[in-house]
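Results of the structural survey
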Amino acid sequence: MSNWLLEDQKESTNWLLDTAKEDEEYSSLRSAGVEFVESAIGVGDELDAVVRILSGEAANYTEAIGQARADVEAFKEDNPNAAKALAVSGFVTGFFIPGMGLAKISQAATRGQRAARAAGFGAAEGSVYGFLQGEGEEGRLAGATLGAVGGGVIGGAAGRYLTKGADEIEAARRERQRIEGQATHIGGNDGFVDVGEAPDTSVSGVMKNIDTSLQKRKTGEVLSKDDPDYGKIEIEVEAEGQSGHLGNLFLGTRNWFVKNVGERAARLAEDAETMIRHEQREIDRVFDDEFVDVAKMFEENDGFKTLFTNINKRLGKKKQVTWEKVQQAPLTEAEKQAAKALEDQVKFLQEMDFVKVGGDADYFPTIALQKAGTLTKISKSGKETKVTKGRSEDYANPVEALKQMAQDISAARALAARFDIDLKTIKIPEKTEGVSRVDIVIDAIEQAAKSQGASSAVAKNLAKGLRSQIIASQKGGATVGALARRSISAALLANPLNALLNIAEGITAPIVQNGVMAYARTIPSMVVPTVTTLLEELSTAPLLGKLVPDFKKDVAGWLNNRQLGIDREFMGELANIGKKAFNEHADIFQLFKRSTQVSERIAGQIDNLNKLLYKATGVSTVNRMGQEILANTAIKRGMMLAKSGKEKDLDKLRKHDGMRGLTESEFQSTVKALQAGDLTNPWLINFAGASLNKWQPVSASALPRAFHDNPNGRVMYSMLSYMNRQFNNIRNDIVLKGVEAHKHGLNTKEGAQAAKDAMRNAAYYVGAFGVFAGMWDDGRQTLDLSKDKYMEDLLTPEGITSATMNQLASNATSGIYNMRAPQFGGKEVELIPAPIAAGYEVSSGAAGTVGRLLTGEEQPMAPLLRAGRTYFPGVANVDRIVRMRSGERLFSDYLD
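Residues numbered from 1 in each chain as written. Predicted model: local features only at pLDDT ≥ 70, side-chain atom pairs only at ≥ 80, totals over all residues. Heavy atoms only, no water.

1. Regarding a nonpolar patch on the surface
Defined as follows: Each patch groups residues whose relative accessible area exceeds 30% and which form no salt bridge, using 9 Å between like charges and 5 Å between nonpolar side chains of Val, Leu, Ile, Met, Phe, Trp and Tyr. Every accessible area reported is derived by Shrake-Rupley at a probe size of 1.4 Å, with residue values counting cover from the shown protein chains alone. By salt bridge we mean one thing: a side-chain nitrogen of Lys or Arg within 4 Å of a carboxyl oxygen of Asp or Glu. A run of H or I in DSSP becomes a helix once it reaches four residues, and a run of E becomes a strand once it reaches two; helices and strands are each numbered from the N terminus. Think of it in three bands: residues with accessible area under 20% of the maximum for their type are buried, residues over 50% are exposed, and the middle band is partly exposed, with areas taken using a 1.4 Å probe on protein chains only.
Together, Met716, Ile832 and Ile836 give the surface a local cluster of nonpolar side chains, amounting to about 270 Å² of exposed area. Positionally, isoleucine 832 belongs in the loop between α36 (797-812) and α37 (834-855). With a relative accessible area of 46%, isoleucine 832 lands in the partly exposed category.

Now the structure itself:
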C-alpha cells in the first residue's frame, strides 16, 4: 500500500474521530457489538465497515472503517466501564478458538508433542488476531508478530498443562472402574473422597492454641540423615484436601459434604432433611389441629397435668400412675376422652420406636424445664430425710412432650431410611440420657460408612456434617440475638420495593435451571396458587389474621411450601427463637406456658410485628411464590423429559440439579414418579427439594456449617444467605467445572464437556443473575424518589454494565462487597452485620438522648429518632415508604 494512501486514510480517520466526538451521534448497541467482536477475533471494525458499504452509509472502505473506529472511540469515551467489560468478555470468548484446537490434539502424543502442536495453534491464532487488531501496514505486521509470539507461548503452556496423554487417560479410566466396582449405598459410584478430618466449627475450636512445651513426647530416638536406618522409617502420610475453617464459614453444608465426604453422601443428607421436614409438617398438623384443646386442659387443670407427669415406673407400683388409674381419676368426660387419645398416641409411637422406652410399664414422655428439687421430711423420731421431688410447674405441657417424642422418632426413622440403616440392628447405648434417637442413628451411619470403605476421618466428617445439618441447624440461639436478627431484617427489608425485587427470583433461577419452555408451561399454573398463597399469608399474619378467615388450601398439580415443610420459616431463619425449628409455630403451646413475664410478652409482640411487616408489604408472599415457582418449574421440566422417554432427554434429566447424587435405580424411581405426576411420591418431593435447594437458602443443606453450629453466631449471616448461596453456585458451576476440565484434559470428551459447561454456565449466570437481576434491581430503584436513579440512565451500556458488575461482585463475595455502596452513604466492603451495626447505632442514639435530657439540650430525642427511623421495625418501614413517595424522611421537621 503506497505511503500517500496510508496518510490519506490516517487523516480521514482522524477527521472522522473528531467529528464523532463533537456530534456524539452513534448507535451504542452497534458500537458495543463492534468492540466485543474486535476483542474476540480482531475483525469487529472490519466487519462493521463492510456493513456500512453494503448499506450505503459509506462511499468506500476508507470512509467506512474510519466511521466504525470513530464510533467505537466515542463509545469508549462515553462508556468506559462498559467498554472494558466488553473487551474482557470478548478476549475470554476468543479463547474458544485455541480451546477447540486443543480438543483435537492426539492423546497418543507425548507431552512435548502436545505442547508443540498447541503452540502452533496459538501462534497461528495469535498472528491472525494481532494482524486484524493492527491499523495500517506497519501496525498490522507488528501486531501479527507480537500475536504469534504471545499466542505460541500461551498455546504451548496450554498444550502442556491442559491436555492429557493416553497413559494418563487410561490410568484415570482404570481408577474409575475400580471405584465403580466398589460402589456402596453411602459412597455411591464415585466412592468416598480421600481427605482428612475437617475441623469443628465452634468458636472455641477455631481459637484454640497449642503450647508444645506442655505436650508429652511420643517418639523414641531421633535418627540423623547419616544413620543407615534413616531411610527405612515408614511415615504415615495424612490425607489432605479437607475443608478448613473458611470452608465451614462459606461453603453451604451440601458443598461441604461433597468436598469432605462425597457427592452421594451430600445427596442422602439433603434428601433426609427434605423427608424429615415433610414428615414433621404432618406432625405439626396433627398436634396443632387435634391436640390444641388438650393442651389447654393441662394448663387449666394442674391435677390433670400431674397425673401424666407421674406415669413413671421409677415411682414404684404403689405410686406410679397407670393408664387404668388415669381413667379412674375424677376427670370430666372431655378430659377422659383426651386421656384416651393421648394413650393411643403414645402406644402408637412406642410401636414405631426402635428405642423401647418404658419397657413393659405404662409410659408417657416428659420435658423437665429445670432440675428436680429436694424435700426434707422429719420422722416421728426427729430424723431428717431428704427426697428428690419435682413440681408440676417445672414440667412442660404434656402435649409438647409428646410432640417432641413424635418428632424425634420421625426424624430418626427418615434419616435411617435414606441412609439404608436397618433400625432393628442398631445397638442402643446403655445410657440414653442427653442422647436423641437421631444421634443414635448418626452413630450407626458413621459405622456403616466405615464398613463401606470410608476412612475413619471421612466417616467422622459424615457424622459431623449430619449433626450440623439435621440437629444443630434446628437449635435456636439466645432470644435477644434471634429477635435482633429478625427485627433488623424486617426493618430494612420489609417494604414494597423489596417485594418487587424478589419477583426477579421467580424468573431468573427457574429459567436458568429448567429452561424457557418449562417456565412457560408453569406460568398458567401460577395464577390460582398465587391467590391462595396471598390469602394464606394474610390469614396467618398477626392482627391481619383476625380480619381474614383461616385459609390453607392445596392446589391440584402444584407443590407448595407447606408440602415441602418450609412454609413456616421466617425469611431465612431456620430456627424459631429459643426453640427447635420442628416446633416452629407450635406457638399454641406458648399461649399456655406458665411464664407470664413482661419481657417474654414484649418479645412475642415484637416478633409478631416483624411477621406482620413482611406479610403486609408482600415480601413474604413474593418470596414464597418465588420458591414454589422454582420447585414447580423443575417438576414441569422433569415431567417433560421423563414422559418423552428418549435417551437424549433422559440424559438431560440425569444432569438436572434434582438428580444430583442418585443411583441409577433411584433415578429410575424418580423418573416413574415424574411420569405419573404424583406430588405425594417421596421421590418426586426429594427431586423438587434438591432442585429448590440449588438456588434458594431454604434448607440447612444450603447454609454453611458455621451457621448451624453457632446459633448465636448466625448474626454474621444476617441478610446474606441468598448471596452466600450464589457464591456457592459460582464455585460449583463455573470454578469447579474449570478444575474438572483441567483434571480430565481438554483433549478428552469429559474435559472438553466440562470446559463447555463452565463457559455456558458463566454465560447463563452473567446474563440471568448479573444483567437481568442487576437491571431489575436498578429498575425498581427508579421508583424510589430518595435515590437519584432514572430509567434513561439505566438503559445505557454504562448503566447496564454498572448494574451487572455490582450484582456479580456482591454474589461472588457472599454479599461482603458492594461496589456502589458509597453512592448511598455505605462502605464498599462491609464486614459488620446489620444487627450489630444496628445495635451500635441504636445504643449510641439512646445514650445521646439520655445525655441531652440530663443537660437540658433542645431536641433531646433527635439521636434516638435518627437511629430509630432506620432500625426500629414499623418506624423504619414507614420511613422507607415516605422516602419512596416524597424523598423526605420521618421526623425531618423535628430533626432539621
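Alright, that's what it looks like, and here's the rest.
2. Here's the deal with helix α31 (residues 682-695)
Spelled out, the test is: By definition here, a helix of n residues has an expected span of 1.5 Å times n minus one.
The end-to-end C-alpha separation of α31 is 21 Å, in line with the 20 Å expected for 14 residues at 1.5 Å each. With twelve of its 14 residues buried, α31 lies for the most part within the structure. Regarding α31, the residues found buried are Leu684, Ile685, Asn686, Phe687, Ala688, Gly689, Ala690, Ser691, Leu692, Asn693, Lys694 and Trp695.

3. Concerning the packing of aromatic side chains
We count it as follows: Aromatic pairs are defined between Phe, Tyr and Trp rings, using the six-membered ring for Trp, whenever the two ring centres lie within 6.5 Å; interplanar angles under 30 degrees are classed as stacked, those over 60 as edge-to-face, and all others as tilted.
The full count for this structure, using the stated rule, is twelve aromatic pairs. Ring geometry for phenylalanine 304 against phenylalanine 308: centres 5.3 Å apart, planes inclined by 85 degrees, an arrangement best described as edge-to-face. Taken together, the residues phenylalanine 304 and phenylalanine 308, both in helix α15 (residues 302-309) and four residues apart, mark about one turn of the helix. For phenylalanine 304, a relative accessible area of 1% puts it in the buried group.

4. As for the pattern of salt bridges
Inspection of the entire model under this criterion finds 34 salt bridges. Where aspartate 271 meets arginine 267, a salt bridge forms, and the shortest distance between an N and an O atom there is 2.7 Å. Taken together, the positions of aspartate 271 and arginine 267, both in helix α13 (residues 263-290) and four residues apart, correspond to about one turn of that helix. Its relative accessible area of 0% is what places aspartate 271 among the buried residues. Given the relative accessible area of 1%, arginine 267 is considered buried. The shortest N-O distance in the salt bridge between arginine 467 and aspartate 439 comes to 2.9 Å.

5. Digging into the environment of lysine 827
Quick reminder of the rule: Contacts are residue-level and defined by heavy atoms, with any inter-residue pair within 4.5 Å sufficient.
Take lysine 827: it is sitting in the loop between α36 and α37. In this structure, lysine 827 is in contact with Asn818 and Ala821, ignoring residues within four places of it in sequence.

6. What to know about unusual backbone geometry
For aspartate 420, which is not a glycine, the phi torsion comes out positive at approximately 60 degrees. Tracing the backbone through its elements, the reader meets aspartate 420 in the loop between α19 (398-418) and α20 (437-451). The exposed category is assigned to aspartate 420, whose relative accessible area is 55%. Its identity as a non-glycine residue notwithstanding, serine 814 has a phi of 60 degrees, on the positive side.

7. Structural notes on the confidence of the model for the protein
Where we set the bar: Residue-level confidence of the predictor, termed pLDDT, takes values from 0 up to 100.
Predicted confidence across the protein gives a mean pLDDT of 79, with 75% of residues reaching 70 or more. For the protein, the element scoring lowest by mean pLDDT is helix α1 (residues 3-23), at 44; helix α30 (residues 664-676) scores highest, at 95. Every residue in residues 204-210 is under pLDDT 50, and counting partners more than four places away or in other chains gives three contacts. Under a pLDDT of 50 for its full length, residues 576-598 has, in the predicted model, 59 contacts with residues more than four places off or in other chains.

8. A short note on the nonpolar core
Selection rule: As used in this record, nonpolar core signifies buried Ala, Val, Leu, Ile, Met, Phe, Trp, Tyr and Cys residues forming a set joined through side-chain atoms within 4.5 Å.
Ile186, Leu415, Phe419, Val441, Ile445, Leu462 and Leu466 are the most contacted members of the largest nonpolar core, which totals 41 residues. At the level of elements, α12 (253-260), α13, α19, α20 and α21 (456-471) are the ones that each hand at least two residues to this core. The dominant element in this core, judged by the number of residues it contributes, is α20, at eight residues. Contacts of leucine 466, omitting those with residues within four sequence positions, involve Phe257, Ala269, Leu415, Phe419, Ile442, Ile445 and Ile471.

9. Considerations on the environment of leucine 501
Checked against the element boundaries, leucine 501 lands in helix α23 (residues 496-502). With residues near it in sequence (within four places) discarded, leucine 501 still touches Trp776, Asp777 and Arg780.

10. Section: the packing of α12 against α13
Rules: Only C-alpha atoms enter the line fits that serve as axes; for helices the fit covers just the stretch in contact. Angles between N-to-C directions range over 0 to 180 degrees. Oblique is the label for every angle not falling under 35 degrees (roughly parallel), over 145 degrees (roughly antiparallel), or within 65 to 115 degrees (roughly perpendicular). The hand of a helix crossing depends on one turn: near helix anticlockwise from the far one by less than a right angle means left-handed, and clockwise means right-handed. For this classification, the nonpolar set comprises Ala, Val, Leu, Ile, Met, Phe, Trp, Tyr, Cys and Pro, the charged set comprises Asp, Glu, Lys and Arg, and every other residue, Gly included, is treated as polar.
Where α12 meets α13, the axes come as close as 7 Å, and the angle between the chain directions of the two elements is 150 degrees. Considering their axes alone, α12 and α13 lie roughly antiparallel with respect to each other. With respect to the hand of their crossing, α12 and α13 are arranged in right-handed fashion. Residue-level inspection shows Arg254, Phe257 and Val258 of α12 in contact with α13, the latter providing Glu263, Ala266, Arg267, Ala269 and Glu270. Residue composition of the contact of α12 with α13, grouped by class: four nonpolar, no polar and four charged.

11. So, the packing of helix α33 (residues 721-744) against α36
Relative orientation of the contacting elements α33 and α36 amounts to 85 degrees, with a least axis distance of 7 Å. The angle between the axes of α33 and α36 places the two elements in the roughly perpendicular class. Within the contact between the two elements, α33 uses Met723, Gln726, Phe727 and Ile730 and α36 uses Ser810, Asn811 and Ala812. Here the contact of α33 with α36 is built from residues that sort into four nonpolar, three polar and no charged.

12. Structural notes on the side chain of histidine 656
Cut-off, in case you're wondering: Two N or O atoms form a polar contact when they lie within 3.5 Å of each other; inside protein one atom must be a possible hydrogen donor and the other a possible acceptor, and for residues adjacent in sequence the pair counts only when both atoms belong to side chains.
Assignment of secondary structure puts histidine 656 in the loop between α29 (647-654) and α30. On the basis of relative accessibility, which here comes to 6%, the residue histidine 656 falls in the buried class. Looking at histidine 656, its side chain comes within polar contact range of the side chain of asparagine 514, at 2.6 Å. Ignoring sequence-local partners within four residues, the contact set of histidine 656 consists of Gln513, Asn514, Ala634, Arg637, Phe687 and Ser691.

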